[in-house]
Amino acid sequence: MNDTPYRVLIADDEPIIREGLRESIHWEALGMAVVGEAEDGEEALELALELHVQLALVDMNMPFLNGISLMRKLREKLPDCRFVIITGHDEFDYAREGIRLGVEDYILKPVNPEALRGVLLRVKDSLDGEAKQAGYLKLASEQIRRNIPMLKARFGQEWAEGKLDREEIEERLAFLGLPASPLVQLCVIRWPEPEAAQPILKESDRQLYWFAAENIVSELAGERRHMLIRDSSGLLLLFLWDTAEQEIAEQIERHVRRFLKLGVQAHIESVPPGSDAEELPGVYARCREAVYKDAQLSPLVRRAREYIRDYYGNPELSLESFARNLQVSPVYLSRVLKKELGDSFVALLTHTRIRKAIELLNTTDLPIYEIAEQSGYDSQHYFSTAFKKVMGVSPNQYRRGAAFPERPSGQ
């Protein structure tokens, strides 16, 4: 049942006809209200648009704008408005044009109140049906809107696991309002329980940590187009349609540890340019493998790797000073790094510096000597030698687009 009366306009150039139409029907009992009357077509058009009427009783022969012309204009501007023709002419041409314009029915003058009432009842039933359908659609829309996070999570999970073909991926991207452009990166974040200070968490507290971590990741993603979901194994997946620097994984680890006291592992991989949307599962698998491998590292190695990331820009950084700051012997530190990361201290430091140099070469016009300084080298010559050894080309050749791997291997 519609609580608000349907708005009705009576358009006829004869005052006695308008009065008869208005007075012969118990409009309220029909769930309708006459909200306006017009004596010519132009006035009727203006009133109908102003009052947003849902039903117009239209005389065919009005001055300035006849009934057919009025209905044509209203059909353009109020496509849901219904029409009942009031006419003294039972002519085929009117009937044919009226059908095209979606006229509900015809009432011949002089108007028979019972016949008009029957027509109005049919119109009301039709309007009620539409209102009910609109209500169902609105309810369904609200339910979908409330469930969008769940739908995104399910989509992201199925996409990452390779359960969707290209057509399904495109359809769901469009339905969920996600970018149609190619995905460029995937970042996977894993974390254990809070550290020893809070070994056991209630479920409500656990959820708070989840949401807090998600907020941190979303803030670091910034204005980039992205989707963040939890997968079925408890990993956070950050889908990126705009490129983020590789360091975003390290920033996530650092921020979550700082604000939530959680030791997390994050790994980001690029989706190969021009690759099919169905190739994401391979990237997802590599990210999962990387974060689970990272979780097996000892606290010392994690601290060492973080120290390198923080201080690679210091050209005086050496294994001895490094070990001294970590309060272990250089020999022991070197052995542990080699065992767990497969690389020496020098190799880890070099790869970190070269990654920084690549970022600066790709994103700035800085001269090579400044890039060398910002990457932790006090000599441009030494920097160029190290860069060519890792990348196979000099920094200048790299900047000019020589063939090279996307980034150095290693940690």
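What counts as what
Sequence order as written defines the numbering, with residues in each chain counted from 1. In view of the model being predicted, local features appear only for residues whose pLDDT reaches at least 70, and side-chain atom pairs are presented and counted only at 80 or more, with totals across whole chains, interfaces and linings using the full set of residues. Here the side-chain values reflect all heavy atoms present in the structure, with hydrogen atoms and water set aside. Two strands qualify as a pair provided that DSSP identifies no fewer than 2 bridges between them. Every helix listed is a DSSP run of H or I at least four residues long, and every strand listed is a run of E at least two residues long, numbered separately from the N terminus. Axis lines are fitted through C-alpha atoms, for helices just across the contact stretch, and the angle between N-to-C directions can take any value from 0 to 180 degrees. Whether two residues touch is decided by their heavy atoms; if any such pair falls within 4.5 Å, the residues are in contact. Burial classification: accessible surface area is computed with a 1.4 Å probe over protein chains only, and a residue below 20% of its type maximum counts as buried, one above 50% as exposed, and the rest as partly exposed. When the strands point away from the viewer, a crossover counts as right-handed if the route from the first strand across the helix to the second turns clockwise. Patch members must show over 30% relative accessible area and no salt bridge, and they are joined within 9 Å when carrying like charges or within 5 Å when they are nonpolar side chains of Val, Leu, Ile, Met, Phe, Trp or Tyr. Using the Shrake-Rupley algorithm and a 1.4 Å probe, accessible areas are obtained, with residue cover drawn only from the displayed protein chains. One side-chain nitrogen of Lys or Arg within 4 Å of one carboxyl oxygen of Asp or Glu is enough to make a salt bridge. As used throughout, the charge tally considers Lys and Arg to be positive and Asp and Glu to be negative, leaving His and the chain termini uncounted. In this description, the location of a charge corresponds to atom NZ of lysine, CZ of arginine, CG of aspartate or CD of glutamate. Within a predicted model, pLDDT stands for the predictor's per-residue confidence, ranging from 0 to 100. Each Phe, Tyr or Trp ring (for Trp, its six-membered ring) is paired with any other whose centre lies within 6.5 Å, and the angle between the two planes then decides the class: stacked below 30 degrees, edge-to-face above 60, tilted in between. Placement of a charge over a ring requires the Lys NZ or Arg CZ to be within 6 Å of the ring centre, with the centre-to-atom vector within 35 degrees of the ring normal. Just so you know how the angles are binned, under 35 degrees is roughly parallel, over 145 roughly antiparallel, 65 to 115 roughly perpendicular, and the rest oblique. Each crossing gets its handedness from the near helix: less than a right angle anticlockwise from the far helix is left-handed, clockwise is right-handed. Each residue receives one of three labels: charged for Asp, Glu, Lys and Arg, nonpolar for Ala, Val, Leu, Ile, Met, Phe, Trp, Tyr, Cys and Pro, and polar for the others, Gly being one of them.

Here we look at the sheet that holds strand β7 (residues 226–230)
And then number 1: With antiparallel pairing, four strands are arranged side by side in an open sheet as β7-β8-β6-β9. The open sheet has two free edges, formed respectively by β7 and β9 (265–270), since each of these has just one partner strand. When the angles between neighbouring strand axes are averaged without regard to direction, this sheet yields 15°.
And then number 2: Most of the contacts of helix α6 (residues 148–160) go to β7, to which it runs at about 90°, and overall it touches β7 and β8 (236–240).
And then number 3: On top of the sheet, helix α8 (residues 203–221) reaches β6 (185–190), β7 and β8; it is set at about 160° to β7, its chief contact.

Quick look at the pairing of strand β1 (residues 6–11)
And then number 1: Of all six residues in β1, five are buried, a share of seventy percent or more.
And then number 2: The pairing of β1 with strand β2 (residues 32–38) spans six bridges and is parallel. Across the sheet, residue Val8 finds its bridge partner in β2, namely Val34.
And then number 3: Note on the crossover from β1 through helix α1 (residues 15–23) to β2: the handedness is right-handed.
And then number 4: Judged from the four bridges that link them, β1 and strand β3 (residues 55–59) form a sheet pairing that is parallel.

Regarding the pairing of β8
And then number 1: The element β8 is largely enclosed, with a buried count of five among its five residues.
And then number 2: Covered by surrounding structure in β8 are Leu236, Leu238 and Leu240 together with Leu237 and Phe239, the residues of both alternating faces.
And then number 3: By the bridge criterion, five bridges tie β7 to β8 in an arrangement that is antiparallel. Pairing of His226 across the sheet is with Leu240, part of β8.
And then number 4: With antiparallel pairing between neighbouring strands as the criterion, β7 and β8 make up a hairpin whose turn holds five residues, including Gly234 at a positive phi of roughly 90°.

Things to note about unusual backbone geometry
And then number 1: One non-glycine residue, His52, adopts positive backbone phi at about 50°.
And then number 2: You can see His52 is positioned in the loop between α2 (41–51) and β3.
And then number 3: Given the relative accessible area of 46%, His52 is considered partly exposed.
And then number 4: The backbone of Lys261 shows a phi angle near 60°, a positive value even though the residue is not glycine.
And then number 5: Residue position: Lys261 is located in the loop between α9 (248–260) and β9.
And then number 6: Since its relative accessible area comes to 53%, Lys261 is described here as exposed.

Side note on a negative patch on the surface
And then number 1: A surface patch of like charges, here negative, comprises Asp165, Glu167, Glu168, Glu170 and Glu171.
And then number 2: Among the secondary structure elements, Glu170 is positioned in helix α7 (residues 166–175).

Concerning the confidence of the model for the chain
And then number 1: Averaged over the chain, the pLDDT score is 86; the fraction of residues at 70 or greater is 90%.
And then number 2: The least confident element of the chain, judged by mean pLDDT, is helix α4 (residues 92–100) at 56; the most confident is β8 at 96.
And then number 3: Throughout residues 403–407 the model reports pLDDT below 50, and contacts reaching past four residues in sequence, or to other chains, amount to 14 contacts.

Quick word on the sheet that holds strand β4 (residues 82–87)
And then number 1: Pairing is parallel in the open sheet, where five strands are placed in the order β2-β1-β3-β4-β5. Every other strand in the sheet has two partners, leaving β2 and β5 (103–108) as the edge strands with one partner each. The mean inter-strand angle of the sheet, taken between neighbouring strand axes irrespective of direction, is 20°.

Here we look at the pattern of salt bridges
And then number 1: Under the defined criterion, the tally for this structure stands at 21 salt bridges.
And then number 2: Among the salt bridges present, the one from Lys124 reaches Asp128, with a minimum N-O distance of 2.6 Å. Of the two residues, Lys124 and Asp128 both sit in helix α5 (residues 113–146), four residues apart, roughly one turn of that helix.
And then number 3: One salt bridge in this structure joins Arg257 and Glu306, with 2.2 Å as the shortest N-O distance. Of this pair, Arg257 sits in helix α9 while Glu306 sits in helix α11 (residues 299–311), and the two are 49 residues apart along the sequence.
And then number 4: Overall, Glu306 belongs to the partly exposed group, its relative accessible area being 24%.
And then number 5: A single network of salt bridges, built from pairs that share partners, joins Asp12, Glu14, Asp59 and Lys109.

Points about the packing of aromatic side chains
And then number 1: Under the definition given, this model contains ten aromatic pairs.
And then number 2: Measuring from ring centre to ring centre gives 5.2 Å for Tyr307 and Phe322, while their planes differ by 40°; the resulting arrangement is tilted. In this pair, Tyr307 is assigned in helix α11 and Phe322 in helix α12 (residues 319–326), connecting sequence segments 15 residues apart.
And then number 3: Residue classification places Phe322 among the buried residues on the basis of a relative accessible area of 0%.
And then number 4: Linked through ring pairs, Tyr377, Tyr382, Phe383, Phe387 and Tyr398 together constitute an aromatic cluster.
And then number 5: Above the plane of the ring of Phe211 lies Arg230, whose end atom (NZ or CZ) is 5.3 Å from the centre.

Description of the packing of α9 against α11
And then number 1: For the pair α9 and α11, the least separation of the axes is 12 Å and the interaxial angle reads 110°. Looking at the two axes, α9 sits roughly perpendicular to α11. Crossing handedness for the pair α9 and α11: left-handed. In this structure, α9 uses Glu250, Glu253, Arg254 and Arg257 to contact α11, whose residues at the interface are Glu306, Arg309 and Asp310.
And then number 2: Residue classes in the contact of α9 with α11 are distributed as no nonpolar, no polar and seven charged.

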